[in-house]
Amino acid sequence: MARVAFFGVGLMGEPMAGHMLAAGHEVTIVAHRNRAPVDRLVARGAAEVATPAEASARSKAAIMMLPTVREVEMVIFGRQGLAEGMTPG
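Residues numbered from 1 in each chain as written. Predicted model: local features only at pLDDT ≥ 70, side-chain atom pairs only at ≥ 80, totals over all residues. Heavy atoms only, no water.

### Let's talk about the pairing of strand β1 (residues 3-7)
Of all five residues that make up β1, four are buried, and the element is covered over most of its length. Examined bridge by bridge, β1 and strand β2 (residues 26-30) share four bridges and lie parallel to one another. By the bridge assignment for β2, Val 4 is matched with Val 27. Following the backbone out of β1, through helix α1 (residues 13-22) and into the adjacent parallel β2, one traces a crossover that is right-handed. With four bridges connecting them, β1 and strand β4 (residues 61-64) associate as parallel partners. Bridged to Phe 6 within β4 is Ile 63. (Buried < 20%, exposed > 50% of the residue type's maximum accessible area, 1.4 Å probe, protein only. Helix = DSSP H or I, 4+ residues; strand = E, 2+ residues; numbered from the N terminus. Pairing = 2+ DSSP bridges. Right-handed = clockwise from strand over helix to strand, strands pointing away.)

### Quick notes on the environment of Ala 31
Take Ala 31: it is sitting in the loop between β2 and α2 (35-43). When the C-alpha positions of Ala 31 and His 19 are compared, they lie 19 Å apart, and in sequence the two are 12 residues distant. Apart from residues lying up to four places away in sequence, Ala 31 is in contact with Val 38, Glu 48 and Val 49. (Contact = heavy atoms within 4.5 Å.)

### Section: the nonpolar core
Val 4, Phe 6, Val 9, Ala 17, Met 20, Leu 21, Val 27, Ile 29, Val 38, Leu 41 and Ala 46 together form the largest nonpolar core, which totals 11 residues. Counting only elements with at least two residues in this core, the list comes to β1, α1, β2 and α2. At three residues, α1 tops the list of elements feeding residues into this core. In this structure, Val 30, Ala 55, Val 75 and Leu 82 belong to the second largest nonpolar core, which totals seven residues. (Core = buried A, V, L, I, M, F, W, Y, C linked by side-chain atoms within 4.5 Å.)

### Here's the deal with α2
Here α2 has its buried residues at Pro 37, Val 38 and Leu 41. Down the axis of α2, the buried set is contained in an arc of 100 degrees. They therefore lie on one face. Buried residues in α2 make contact with α1, β2 and β3 (47-49). With a side-chain oxygen lying 3.2 Å from the backbone nitrogen of Ala 36, the N-terminal cap of α2 falls on Asn 34. Taken from the residues just after α2, Gly 45 is the one with a positive phi, measuring 120 degrees. (Arc of directions from axis to C-beta. Polar contact = N/O pair within 3.5 Å; in protein donor to acceptor, adjacent residues only side chain to side chain.)

What follows is the structure in structure tokens.
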């Protein structure tokens, strides 16, 4: 079982995160601009946290389904971003 932070649970990301949950992986997500996919994934067992830093602190890997480089950079290097919660290894 992997512990995965999943960013971008929209049209493509929601089914991908859902498959990870169905396979028994521990999936942590951060709120999406559309609340419905977050609620559906939480109902299936995903954990929701407030920031990418929190998600990365709980995970060993990260998957991003984001539309542009701008969003990727913000999730990784922005305030309370993924990089802030990363641990060695």
